[in-house]
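Next come the chains, spelled out residue by residue.
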Amino acid sequence: MSGTRYPLEVNPLLPARLARLDELANDLRYSWDRPTRDLFAQLHNKLWRAVGHSPKALLKRIDQHLLDEAAENSEFLGSMARVLSAYDSYQVRPSREIGPRMAEGDLIAYFCAEFGFHESLPIYSGGLGILAGDHCKTASDMHLPFVGVGLLYRQGYFQQTIDGEGRQAATYHDSDFDELPVAPAVLDSGEALHIQVELPGRMVEVKVWQVRVGVVKLYLLDTDLEQNTPHDRDIAHRLYGGDRTTRIEQEIILGIGGVRALKVLGLHPTVWHINEGHAAFLVLERIRQLVRQGLDFDSAFEAAASNMVFTTHTPVPAGHDHFAEDMIRHYFESCANEIGCSIESLLALGRVQGQQEFNMTTLALRSSSYHNAVSRIHGEVSSRICKDIWPQIDPDDNPMDYVTNGIHVPSFLSELWRDIFDRAPAPGGWSQNLTDAGYWQGVHTIPDHQFWSTRQSIKAQMLHLVRARISEQHARNHGSQAHLDRLLKLADPDNPNVLTIGFARRFATYKRATLLFKNLDWLRQIVSDPERPVVFIFAGKAHPADEPGQAMIRRIAEVAAMPEFEAHILMVEGYDLHLSRRLVAGVDVWLNNPLYPLEASGTSGMKAAINGVINLSVLDGWWGEGYQGGDGANGWAIKPVSSSYDENRRDYEEARTFYELLQDKVSPLYYDRSPMGYSPGWVAMAKRSIATIAPHFNSMRMVSEYVTKFYQPAARRWSHCRESDYACARRLSEWKARIGAAWSGVTLRWAGENIQRRIRFGESIHIEVALQLNKLKPDDVRVELLLSRPNAVVRPQHCFKLARQGRNADGEDIYGLELTPDICGKIEYRIRVYPHHELLPHPFEMGMMVWL
Ligand SMILES: *Cc1c(COP(=O)(O)O)cnc(C)c1O
């Protein structure tokens, strides 16, 4: 055959009666509304799967006659009417408020490098993106004034295939933006919105796309435009692709371009939230805009920081995004000029003590007023990693806060549970009672046999998908049918009675996907018990540059190919949101065994738990808070051994705990079947898993916490800050300069008579200290005494303010307190002084403190 092939696409016309399908296809609400997705699937099921569940792609490719038929089909029209009626009522703000509110005129801008909503918009790589997607979905559910900002990657993250030897191949496909649920953002004039961002020696043209996520909007920036050079067109080509130059240029487009786009759209956020450090350059653009309004750099910096919220997700310093200082010089020299700050001061904003690098986390921390980690354990770890930002503050007391992650329940709850919860636990509906722990106790009223059979059905759905994917994979790798049959012997949707354990996530080395292979003999004994077989299903991508991550995939393939593990270990390629939704809901046990404390939060286990899947995890990240032991256990925990052991020893010990749990607890409980064919103990634990985890580890609780802890105070600070031409920002920056200049000369000494060591209950001791303020004013500082039992945490009521009593002949200020302890025994007290200003977002934000 020869001749030129001229591509041509013929798009069908939507019949008038189906016109609103277009609206549904352009709103990501379909990503969490199953009936909407079913409606599209109903049009042409096979095509629906072939286009990767993309409603827009389906509507572009489906045959005209199918649309015409649907327009005459009363059943289809009935479903569509129901979907549309739910859609329309969702758009209206509910009369009963869901969660805390923002004030009139407030707007939260949320920046992230990736967003994971649905497989039909492939601009995510893993947990960070999916969390960002869940945050937006929840903001919509709560009708918050909210706008998201990200990048539109032409090729997104890679597609993964795995060959017969377990070698991962990464391929990239260009997305056709016409088939994504995005549309060009337009101005009131009807003109498509473009902005420009200057990079050294050139201007880059940026197109702004708009995505509807229910009632909130997300704006995505795109540089793949004819006006740009080939280099610049490629900037936003691949998520986490390219080299350092690509990365910094992506982050400049996102941070600087994002602020500009919002401005041109006439949006004026009162709160700015950067989710991970990638977007931190946005502060420089905000400062630039404030400097144009007449502020000096320092005041502009204070103003910009006043309403910035920063969330860190990385528990290792090396994981923080950083750039060589020369690179920052190259890209920001002219910006520094414009904003009236020397390039050296700009570099200092991102410098970590003792390192010659520009760290995005450091920039984000310094330029935000609210900072948080994503679980309690991660909060403790982050306080330590970031302690240099507040050098004189004990890490336990520094302003690093945490908000534990949560997941968007409507996105990850199986439709089979949805139907049951819609009727069962209690009236009002699960979606209206997401954070109500009492409401979720209602799962205990679901009859055990119904609970078990629902779990079986969800598992069967999952097994269908796993079989299909593995068959495809196997055929591509030229495997035989007989081999395939042997592989899938235990993954049988018609007999979903084999204990099935899931492990799916990014294949980063710290997640230790291959930990369970530490002792293959032991594992073999457990899984091949003929009475109690066990199957493991693995899925996940390793970053193309992560060789050790890819080696783990090869190791899984190697073990899976051993005759004694055949059928017991399955590796499914192409982990994405679709596979994730099915796996987290369909397996029996969700396994997570990261190297403590490297799992900042983890969220896949939460998705599993709400579906009645039981977690077996290292007590790290969210599981450190979610796990409940004892009689009312809601899962199993691998307690991490001391991190002072070397990694091999830790792997060995923790793998042993895993085998013991699997052999002595998990498998016996699962196979402890009643005459009715199910395990009552298992059902009880699965119900506790739902009841204890669903109400807390969901994104409604998470976003509500962001609102009350950060968004509301940040918006208030901003409005205060803006009054009288940013008078507060100017005042605060002057004050900080004064404190900064004087602080190293501030000293504190004991000034009382002798120090008493023993008193009787009810007696008091006189405390007197002399403070050399080095020209600071008494109002600039706070002097405090902390009382506690030795080495114990100080309770708030045991923190006493010392009162100023005058000045001595040496110019020292005298502070005193009559201390009457209300506790007996051996106790201790300490005295400290630190800078104090009512405008500081946290008492220790200055990072300065002198102890006696
Ligand atoms: C939830 C999810 C993740 C995050 O998984 P963790 O186990 O928390 O790392 C990653 N990828 C996909 C597709 C997910 O749905």
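Residues numbered from 1 in each chain as written. Predicted model: local features only at pLDDT ≥ 70, side-chain atom pairs only at ≥ 80, totals over all residues. Heavy atoms only, no water.

Caption draft 1: Quick peek at the sheet that holds strand β28 (residues 850-851). Ordered in space as β24-β23-β27-β28, the four strands form an open sheet in which the pairing is antiparallel. The open sheet has two edge strands with one neighbour each: β24 (799-801) and β28. Where strand β23 (residues 781-788) lies against β24, three bridges are found, and the strand directions are antiparallel. Bridging across to β24, L785 finds its partner in F800. (Pairing = 2+ DSSP bridges. Helix = DSSP H or I, 4+ residues; strand = E, 2+ residues; numbered from the N terminus.)

Caption draft 2: Quick peek at the pairing of strand β8 (residues 216-222). The buried fraction of β8 is high, at six of seven residues. Counting the residues between successive antiparallel strands, the hairpin from strand β7 (residues 202-213) to β8 contains two residues, one of them, G214, with a positive phi of roughly 65°. (Buried < 20%, exposed > 50% of the residue type's maximum accessible area, 1.4 Å probe, protein only.)

Caption draft 3: Layout of the UniProt feature "modified residue: N6-(pyridoxal phosphate)lysine" (unreviewed entry) in the protein. UniProt's feature table lists "modified residue: N6-(pyridoxal phosphate)lysine" (unreviewed entry) at K607, given in the numbering used throughout. Tracing the sequence through the fold places K607 in helix α24 (residues 604-610). Every residue in contact with K607, bar those within four places of it in the chain, is listed here: I130, I407, F412, S580 and V584. (UniProt positions renumbered as here; feature names shortened; annotations may be inferred. Contact = heavy atoms within 4.5 Å.)

Caption draft 4: Representation of the site of the ligand. Surrounding the ligand, one finds 13 residues, the nearest of these being K511, S580, T603, S604 and K607. For the ligand, an oxygen atom lies 2.6 Å from a polar atom in the side chain of S580. One of the backbone N or O atoms of T603 is found 2.6 Å from an oxygen atom in the ligand. Starting from 390 Å² of accessible surface for the ligand in isolation, the protein chains cover 96%. Mapped by element, the contributors of at least two residues to the shell around the ligand are α7 (127-141), α23 (577-586) and α24. Residues belonging to the shell around the ligand are distributed by class as follows: three nonpolar, six polar and four charged. (Near = heavy atom within 4 Å. Polar contact = N/O pair within 3.5 Å; in protein donor to acceptor, adjacent residues only side chain to side chain. Areas by Shrake-Rupley, 256 points an atom, 1.4 Å probe, with all protein chains shown as cover. Nonpolar A, V, L, I, M, F, W, Y, C, P; charged D, E, K, R; others polar.)

Caption draft 5: View of the domain arrangement of the protein. Partitioning the protein into structural domains gives domain 1 (16-92), domain 2 (108-405 + 706-723), domain 3 (438-696) and domain 4 (746-851). Centre-to-centre, using C-alpha coordinates, domain 1 lies 34 Å away from domain 3. (Domains from an automatic or database assignment.)

Caption draft 6: Representation of the pairing of strand β2 (residues 146-151). Among the six residues that make up β2, six are buried, leaving the element largely enclosed by the rest of the structure. Here β2 shows a buried face lined by F146, G148 and G150 and a second buried face lined by V147, V149 and L151. Here strand β1 (residues 108-111) runs beside β2; their pairing, made up of four bridges, is parallel. Across the sheet, residue I108 finds its bridge partner in β2, namely F146. Tracing the backbone out of β1, into α7 and back to the parallel element β2 gives a crossover that is right-handed. The sheet contact formed by β2 and β8 spans five bridges and is parallel. The residue of β8 that forms the bridge with G150 is L220. (Right-handed = clockwise from strand over helix to strand, strands pointing away.)

Caption draft 7: Layout of the environment of G166. Inspection of the secondary structure assignment puts G166 in the loop between β3 (159-162) and β4 (168-171). Using a relative accessible area of 0% as the deciding quantity, one classes G166 as buried. On a C-alpha basis, the gap between G166 and A561 in space is 9.9 Å, while along the polypeptide they are 395 residues apart. Every residue in contact with G166, bar those within four places of it in the chain, is listed here: I553, R554 and A557.

Caption draft 8: Seen up close, helix α26 (residues 647-670). Roughly 40° is the biggest bend found in α26, and it falls at L662. Looking at α26, one finds that the buried residues are R650, D651, E653, E654, A655, F658, Y659, L661, L662, V666, S667 and Y670. For α26, the N-terminal capping position is held by D646, with its side-chain oxygen 3.0 Å away from the main-chain nitrogen of N648. (Bend = angle between axes of the 7 residues up to and from the residue.)

Caption draft 9: Quick peek at the side chain of R717. As for its position among the elements, R717 is in helix α28 (residues 699-742). Although R717 is buried, it makes no salt bridge; E302 carries the closest opposite charge, 5.5 Å away. Residues within four places of R717 in sequence aside, it is in contact with A305, S306, S369, Y370, L732, L839, L840 and P841. (Lys, Arg positive; Asp, Glu negative; His and termini not counted. Salt bridge = Lys/Arg side-chain N within 4 Å of Asp/Glu carboxyl O.)

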